[in-house]
Amino acid sequence: VCSSDLPFLALPGHSLQLSDPVAVADQLTTVLPVLSCDAVERENRSQPFRCHLAGLRLGPLSLVALWGNGLRGEVDGTREASFILPYRGSGRFRVEGRSLANVAGQTILYLPPAPWRTSNDAMGGITVRLDPALLRHVGQSMAGPQVRAEHWRTLGSQPLMLQSDQ
C-alpha cells in the first residue's frame, strides 16, 4: 500500500503534502479538533518529516486520510466518535483511562466522543468521524422494533477495538 492507494489522498483539491507537523495540525483542525500535534522522533533524522493528508466532510461524516511519518497528538472530545482504520504502522491510543493499540492489518479502533491521545510509528490510514446518535439510530433501524430502545442507548459510549482473526 502506498499513499496514492488510500481514498482521498489522490483527490484534487482535498489533498496536501506537508513537511511540518504544525502545518499538519493546522490542516487537521478543519475536520478534527486537534489540541496538539508533533512528529515522533525518527530513527533516520536525515530524512525530512513528510505527511500526505486529505480531509473531507460529507454531510454528517468527516473523513481524514493520512500517510507519512509518525505523529503524536491530542484530540479534544466533541460530540463525534471516531473509527480509525490503519493501513500502515501501529498506534497507541489513550482514551478514558484505557490504553489501546491499533495495528495495520490487525485492528480497527472505535473511540467515543471523548478526548484522546495518540502516538504512532508511521501514519497510514483513514479516520471516519460521526455522531454516535447516528450509529444508534441505524442500529435500531436495522434490528427492528423487537429490540428495545434501551439496548441502544449505551452503544457507542465506550472505546472498542475490533481485531482480525488473521
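As a reminder, the structure under discussion sits directly above these lines.
Residues numbered from 1 in each chain as written. Predicted model: local features only at pLDDT ≥ 70, side-chain atom pairs only at ≥ 80, totals over all residues. Heavy atoms only, no water.

Caption draft 1: Looking closely at the sheet that holds strand β8 (residues 98-103). Judged by pairing direction, the sheet is antiparallel, and its five strands sit side by side in the order β2-β5-β10-β7-β8 without closing on themselves. Each edge of the sheet is formed by a strand with only one pairing partner; in this case those strands are β2 (34-39) and β8. Strand-to-strand twist of the sheet, defined as the mean angle between neighbouring strand axes without regard to direction, takes the value 15°. Across five bridges, the pairing between β2 and strand β5 (residues 71-75) is antiparallel. Considered in β5, the bridge of Ser36 is made with Glu74. (Pairing = 2+ DSSP bridges. Helix = DSSP H or I, 4+ residues; strand = E, 2+ residues; numbered from the N terminus. Axes fitted to C-alpha atoms, helices over the stretch in contact; angles between N-to-C directions.)

Caption draft 2: Expanded view of the packing of aromatic side chains. The full count for this structure, using the stated rule, is two aromatic pairs. Aromatic side chains Phe83 and Tyr110 sit 5.0 Å apart centroid to centroid with 55° between the ring planes, which places their arrangement in the tilted category. Here Tyr110 lies in strand β9 (residues 107-111) and Phe83 lies in strand β6 (residues 81-86), a separation of 27 residues in the sequence. Taking relative accessible area as the criterion, Tyr110 reaches 6% and is therefore assigned buried. Both rings, one in Phe93 and one in Trp116, keep their centres 5.5 Å apart while their planes meet at 50°; by these two values the pair is tilted. Residue Phe93 is found in strand β7 (residues 90-95), and its partner Trp116 is found in strand β10 (residues 116-120); the two are separated by 23 residues along the sequence. (Phe/Tyr/Trp six-rings, centres within 6.5 Å; stacked < 30°, edge-to-face > 60°. Buried < 20%, exposed > 50% of the residue type's maximum accessible area, 1.4 Å probe, protein only.)

Caption draft 3: Focus on the pattern of salt bridges. The final tally for this structure, using the stated rule, is five salt bridges. Asp131 serves as the salt-bridge partner of Arg79, at 2.9 Å between the closest nitrogen and oxygen. One end of the pair, Arg79, is in the loop between β5 and β6; the other, Asp131, is in the loop between β11 (122-130) and α2 (132-143), with 52 residues separating them in the sequence. The class of Arg79 is exposed, set by a relative accessible area of 59%. Residue classification places Asp131 among the partly exposed positions, given a relative accessible area of 24%. Salt bridges sharing common partners tie together Arg57, Glu80 and Arg129. (Salt bridge = Lys/Arg side-chain N within 4 Å of Asp/Glu carboxyl O.)

Caption draft 4: Inspection of the nonpolar core at higher detail. Val24, Cys51, Leu66, Leu111 and Trp116 are the most contacted members of the largest nonpolar core, which totals 25 residues. Breaking this core down by element, the ones donating at least two residues are α1 (21-28), β2, β3 (51-58), β4 (61-69), β5, β7 and β9. Those residues within four positions of Cys51 in sequence are excluded, and the remaining contacts are Leu16, Gln17, Leu18, Val24, Leu66, Trp67, Gly68 and Met123. Core analysis: the next-biggest nonpolar cluster, separate from the first, contains eight residues, Leu9, Ala65, Ile126 and Leu130 among them. (Core = buried A, V, L, I, M, F, W, Y, C linked by side-chain atoms within 4.5 Å. Contact = heavy atoms within 4.5 Å.)

Caption draft 5: Quick look at α2. With twelve residues, α2 extends 16 Å between its outermost C-alpha atoms, agreeing within 8% with the 16 Å of an ideal straight helix rising 1.5 Å per residue. Along α2, the positions that sit buried rather than exposed are Pro132, Gly139 and Ala143. Along the axis of α2, the buried positions cluster into a sector of 30°, meaning they face one direction only. Two or three places before Ala133, at the opening of α2, Asp131 has a side-chain oxygen 2.8 Å from that residue's backbone nitrogen. Downstream of α2 by a residue or two, Gly144 has a phi angle that is positive, lying close to 85°. (Expected span 1.5 Å × (residues − 1). Arc of directions from axis to C-beta. Polar contact = N/O pair within 3.5 Å; in protein donor to acceptor, adjacent residues only side chain to side chain.)

Caption draft 6: Quick peek at the pairing of β3. Two elements, strand β1 (residues 15-18) and β3, share four bridges in a ladder whose sense is antiparallel. By the bridge assignment, Ser15 is partnered in β3 with Ala54. Sheet analysis places β3 next to β4, joined by eight bridges and oriented antiparallel. Within β4, the residue paired with Leu58 across the bridge is Leu61. Hairpin connection from β3 to β4: two residues lie between these consecutive antiparallel strands, with Gly59 at a positive phi of about 60°.

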